[in-house]
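# Summary of structural features
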Amino acid sequence: MTKNTTEKPPVSLLGLGAMGTALARAWLTAAHPLTVWNRTAARAEALGAEGAKVAGTAAGAVATSGLVVLCLLDDESVGATLDGVDLTGKDLVDLTTTTPAQARARAAWAERRGARYLDGGIMAVPPMIGVPEAGGYVFYSGSRELFERHREVLAVPVGTKYVGEDAGFAALHDVALLSAMYGMFAGAAHAFALIRREEIDPVAFAPLLADWLGAMAQGVHGTAARLKSGDYGKDVVSNLAMQVAGTPTFLATAEGQGVSPELIRPYFELMRRRLEAGGGEEDLTGVVDLLLR
Ligand code: NDP
């Protein structure tokens, strides 16, 4: 081992799927002593050749380092992997995608087992790991003290954003952003369907769409300000009454192009309900409240 290697904090990583393997390589590249474990042992071989210590069991990997990072398929696989493993005094960082409720339950479970717990939600795909300019990061929530203690090590593979002591908040932020992404993809799918049968080059259309979505995305700041103040009529540029009046044009265009309105119609329906409830001078902010059960 070089002097540099011994100076860096050791990490144990359980789970060597696509994401776990990318994380492992980043820590190895940064010369952190790394112990890895994977249920299917063959997936650890390449990393062993690259300098990782390969543990034969999950318990062995956990025992090797104070900091234990989990990157498994789902919460159930975390429970199965750590079943019966001594976690006393360990700092667990769980990057496995879960629901907020699962993360909170897992934090309480870890505490009962004598471990500290930090949950993570990864906002990156494997090729973004170890590539700072790619802009990926991980949301963290749970023990702030744990986050501060391991902040530098956790920042090696990808950026970090701490979002609160509630262990469920990382998962909640993760799912909230991804949910918005699916809404955006739904809108893009509808837009591509509208032009699909025309002599419009989708490759030429794509930058127009991306630029428009990017510009319109800035509207979330106004929505946030209105949600915070409770004044949904403040600084409204395009009021709801005008926007609802325009929806027949969108539906008729879809009809004319032979495109199903099934992706956009539910949103238009919420807009109409808010208008009927007296929100005509607002913008689209009131739709948020209609979704709350
Ligand atoms: P993979 O499907 O590539 O790997 C899954 C990992 O979980 C493997 O190491 C697998 O082991 C292990 N595993 C599954 N079930 C069990 C079990 N019952 N007991 C023990 N180990 C088990 O997934 P990724 O690496 O891509 O994803 C890992 C986590 O990262 C997931 O929670 C995912 O949502 C999250 N994530 C992934 C992203 C991505 O783009 N890949 C993006 C953001 C988050 P084995 O090799 O033995 O099957």
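The sections below set out a description of the structure shown in this document. Please read these numbers as outputs of a predicted model, since none were measured by experiment.

Below, the discussion takes up the overall build of the chain. The secondary structure content of the chain amounts to 13 helices and eight strands. The C-alpha extent of the chain, read off along each of the three principal axes, is 70 × 45 × 30 Å. Per-residue burial for the chain yields a buried fraction of 39% across its 293 residues. In the form shown here, the chain has an accessible surface area of approximately 16000 Å², with 59% of it arising from carbon and sulfur atoms. Placing the 26 positive and 33 negative side-chain charges of the chain at their respective mean positions leaves the two points 5 Å apart.

Even without being a glycine, alanine 31 presents a positive backbone phi close to 65°. Its place among the elements puts alanine 31 in the loop between helix H2 (18-29) and strand S2 (34-37). The phi dihedral of aspartate 235 is positive, around 55°, even though this residue is not glycine. Within the fold, aspartate 235 resides in the loop between helix H10 (219-229) and helix H11 (240-257). Assessed through its relative accessible area of 60%, aspartate 235 is described here as exposed.

Before going further, it helps to spend a moment on the packing of H11 against helix H12 (residues 265-276). Look at H11 against H12: their axes get within 10 Å of each other, and the N-to-C directions meet at 145°. The handedness of the crossing between H11 and H12 is left-handed. Residues Leu240, Ala241, Gln243, Val244, Thr247, Phe250 and Leu251 of H11 touch H12, and the partners they reach there are Arg265, Phe268, Met271, Arg272, Arg274 and Leu275. A class-by-class count of the residues in the contact of H11 with H12 yields eight nonpolar, two polar and three charged.

Cut-off values and rules
- Residues numbered from 1 in each chain as written.
- Predicted model: local features only at pLDDT ≥ 70, side-chain atom pairs only at ≥ 80, totals over all residues.
- Heavy atoms only, no water.
- Helix = DSSP H or I, 4+ residues; strand = E, 2+ residues; numbered from the N terminus.
- Buried < 20%, exposed > 50% of the residue type's maximum accessible area, 1.4 Å probe, protein only.
- Areas by Shrake-Rupley, 256 points an atom, 1.4 Å probe, with all protein chains shown as cover.
- Lys, Arg positive; Asp, Glu negative; His and termini not counted.
- Charge placed at Lys NZ, Arg CZ, Asp CG, Glu CD.
- Axes fitted to C-alpha atoms, helices over the stretch in contact; angles between N-to-C directions.
- Left-handed = near helix turned anticlockwise from the far one by under 90°.
- Contact = heavy atoms within 4.5 Å.
- Nonpolar A, V, L, I, M, F, W, Y, C, P; charged D, E, K, R; others polar.

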